[in-house]
Amino acid sequence: MRKWFVGSALCVLIASFTVAQAQGKLAEVRNRGSLVCGVNDVLPGFGTVNEEGEHEGFDVDFCKAIAAAVLGDADAVTYRPLSAQERFTAVQTGEVDVLIRNTTWTSSRDTEVGLNFGPVIFYDGQGFMVRRDSGIESLEDLEGRRIGVQSGTTTELNLADVMSALDIQYEPVIFETSDQLVAAYDDGAVDAWTTDKSGLASLLISLSDPEEHRILDATISKEPLAPAVLHGDDEWYDVVKWVIFGLMEAEEYGITSENVRELAETSTNPNIQRILGAEPSAVEQIGLEADAIATAIEAVGNYGEIYERNLGEGTPFNIPRGLNAQYYEGGLIYGMPFR
């Protein structure tokens with residue numbers, strides 16, 4: 001009898017899982033009641049774990065926004081910390097519903113790896129950290145130096161391409177994890193350390209004496225960082241895209257976590273009405289409840305609020321908006337219209 005019961009229960013679970021898969025990722029997430037989000041947990045400002053054991057950061061807030069829009073609860077997120085080597089397999093196998101882990105959008109990842117990238121949430125570029133007393137002021141000064149880089153990243157490939165093009169001889173020192181790389185640099189095992197400039201700014205404060213180091217002016221690559229989902233599920237892809245576009249649009253139209261509910265009731269601006277669900281079809285066509293974007297904004301704020309809270313002037317990182325400013329302020333952040 002016990003064997004029969006266990007077998008029946010297993011069949012029900014398998015059937016439920018199969019039905020959810022057939023219905024797509026959106027139904028799977030709703031049936032599960034939580035979003036599984038692949039994140040970084042060792043990159044302060046973008047994805048880390050605080051003293052209370054809670055995940056926090058710029059990327060983490062986009063996980064919360066998607067959970068709030070889909071499930072009505074920004075805390076309904078299961079975080080999966082992933083290394084650079086693990087992250088793509090986690091998406092391909094369905095271990096995570098969405099990957100939001102400082103990942104560069106490239107052609108091979110969009111095709112061969114099988115990912116669909118959402119809107120770019122952070123425009124970045126690869127740079128170098130060096131000691132102020134090293135005498136290194138330019139890329140040419142890296143001739144004959146040991147440069148630390150993490151394996152399985154675009155930064156490793158960019159480094160080889162650029163140094164070859166400039167005919168600069170150097171010794172690459174490859175590390176499996178960011179922690180290993182930063183520790184080696186801090187100990188003097190390498191002369192320079194290269195990764196995205198956001199990562200350098202984020203991890204500068206973790207060095208023994210941050211004042212002894214500087215980030216070179218040179219930028220050797222474009223690094224558009226974007227969330228990613230698995231190929232083949234357009235409905236889920238649309239959900240991830242439009243939640244993020246909604247946060248970008250919210251900043252443009254002055255919708256904040258503080259005034260979102262008031263504007264939902266009182267605004268006569270058609271653009272605001274569509275974003276916040278006064279015209280239900282604009283959001284319902286995505287597969288979400290009419291007030292889903294409003295719920296996400298109320299939970300985490302608009303794009304600008306997320307940026308300032310995690311990376312802005314009031315944080316240890318103080319990363320200028322630059323390319324990550326709205327398009328009408330000279331940046332590249334541009335939310336597509338709800339209509």
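What counts as what
- Residues numbered from 1 in each chain as written.
- Predicted model: local features only at pLDDT ≥ 70, side-chain atom pairs only at ≥ 80, totals over all residues.
- Heavy atoms only, no water.
- UniProt positions renumbered as here; feature names shortened; annotations may be inferred.
- Helix = DSSP H or I, 4+ residues; strand = E, 2+ residues; numbered from the N terminus.
- Rg over C-alpha atoms; globule rule 2.2 N^0.38 Å.
- Buried < 20%, exposed > 50% of the residue type's maximum accessible area, 1.4 Å probe, protein only.
- Pairing = 2+ DSSP bridges.
- Axes fitted to C-alpha atoms, helices over the stretch in contact; angles between N-to-C directions.
- Contact = heavy atoms within 4.5 Å.
- pLDDT = per-residue confidence, 0-100.
- Domains from an automatic or database assignment.
- Buried area = accessible area lost by both parts, 1.4 Å probe.
- Salt bridge = Lys/Arg side-chain N within 4 Å of Asp/Glu carboxyl O.
- Parallel < 35°, antiparallel > 145°, perpendicular 65-115°, else oblique.
- Nonpolar A, V, L, I, M, F, W, Y, C, P; charged D, E, K, R; others polar.
- Disulfide = S-S within 2.5 Å.

Naming follows an unreviewed UniProt entry, where the protein chain appears as Extracellular solute-binding protein family 3 of Truepera radiovictrix. According to the UniProt record, the Sequence similarities (unreviewed entry) comment for the protein chain reads "Belongs to the bacterial solute-binding protein 3 family."

Novice: It is not clear to me how the overall build of the protein chain should be interpreted in this structure. Could you clarify?
Specialist: The helix and strand inventory of the protein chain stands at 14 helices and 15 strands. Against the globule reference of 20 Å for 339 residues, the protein chain gives a C-alpha radius of gyration of 22 Å, in line with a compact fold. In terms of overall dimensions, the protein chain has a C-alpha envelope of 65 × 60 × 40 Å along the principal axes. In the protein chain, which comprises 339 residues, the share counted as buried stands at 53%.

Novice: Teacher, can you tell me more about the sheet that holds strand E9 (residues 126-131) here?
Specialist: Strands belonging to one sheet form pairs held by backbone hydrogen bonds; the direction of such a pair is parallel or antiparallel. Here we have five strands laid out as an open sheet, ordered E11-E10-E12-E9-E13, and mixed in their pairing. For this open sheet the edge positions go to strand E11 (171-175) and strand E13 (213-215), each flanked by a neighbour on one side alone. Neighbour-to-neighbour, the strand axes of the sheet open up by a mean angle of 30°, direction not taken into account. Inspection of the sheet shows E9 paired to strand E12 (residues 192-196) by five bridges, in the antiparallel sense. From the neighbouring strand, glycine 127 faces E12, where its bridge partner is threonine 195. Strands in contact with helix H6 (residues 154-165) are E9, strand E10 (146-150), E11 and E12; relative to E10, the strand with the most contacts, it is inclined by about 145°. Across the face of the sheet, helix H7 (residues 178-186) comes into contact with E9, E10, E11, E12 and E13 while running at roughly 145° to E12.

Novice: What is the right way to read the confidence of the model for the protein chain from this model?
Specialist: Low-pLDDT stretches of the model should not have their predicted coordinates read in fine detail. Residue-level pLDDT values for the protein chain average 93, and 94% of them are 70 or greater. Note that residues 1-7 has pLDDT below 50 and, in this model, zero contacts with residues that lie over four places away or in other chains.

Novice: Would you mind going over the domain arrangement of the protein chain with me for this structure?
Specialist: Put simply, an interface is often sized by how much accessible area is lost when its parts join up. Along its sequence, the protein chain is organised into domain 1 (25-121 + 226-329) and domain 2 (125-222). One C-alpha centre belongs to domain 1, the other to domain 2, and the line joining them spans 30 Å. Facing 14 residues of domain 1, the contacting portion of domain 2 comprises 15 residues. Across the domain 1/domain 2 interface, buried area totals approximately 1100 Å², and carbon plus sulfur atoms make up 57% of it. The interface formed by domain 1 and domain 2 includes zero salt bridges.

Novice: Teacher, can you tell me more about the sheet that holds strand E4 (residues 55-56) here?
Specialist: Strand order in the open sheet made by the three strands is E2-E3-E4, with antiparallel pairing throughout. The strands lining the two open edges of the sheet, one partner per strand, are strand E2 (42-43) and E4. Where E2 and strand E3 (residues 47-49) come together, two bridges link them in antiparallel fashion. Among the inter-strand pairings, valine 42 is bridged to a residue of E3, identified as threonine 48.

Novice: In this structure, what is going on with the packing of helix H2 (residues 25-32) against helix H9 (residues 234-252)? I would like to understand it.
Specialist: Contact geometry of H2 with H9 gives a least axis separation of 7 Å together with a crossing angle of 70°. Comparing their axes, H9 and H2 come out roughly perpendicular. Here Lys25, Leu26 and Val29 of H2 lie close against H9, whose contacting residues are Glu235, Trp236 and Val239. For the contact of H2 with H9, the per-class residue count stands at four nonpolar, no polar and two charged.

Novice: For this particular structure, what's the right way to read the environment of glycine 314?
Specialist: The residue glycine 314 is located in the segment after helix H14 (303-311) in this model. Taking relative accessible area as the criterion, glycine 314 reaches 80% and is therefore assigned exposed. Placed 123 residues apart in sequence, glycine 314 and aspartate 191 show a C-alpha to C-alpha distance of 31 Å.

Novice: Quick question: what am I supposed to make of the state of the cysteines here?
Specialist: Put plainly, two cysteines are in a disulfide when a covalent bond ties their sulfur atoms together. By the definition in use, this model includes one disulfide. One disulfide bridge connects cysteine 37 with cysteine 63, the sulfur atoms lying 2.1 Å from each other. Taking the sign of the torsion about the S-S bond as the criterion, the disulfide between cysteine 37 and cysteine 63, at about -65°, is left-handed. In this pair, cysteine 37 sits in strand E1 (residues 35-39) while cysteine 63 sits in helix H3 (residues 58-71), placing the two residues 26 residues apart along the sequence.

Novice: Honestly, the environment of cysteine 63 in this entry has me stumped. Any pointers?
Specialist: With a relative accessible area of 0%, cysteine 63 lands in the buried category. Taking C-alpha positions, cysteine 63 is 9.9 Å from valine 300, a pair spaced 237 residues apart along the chain.

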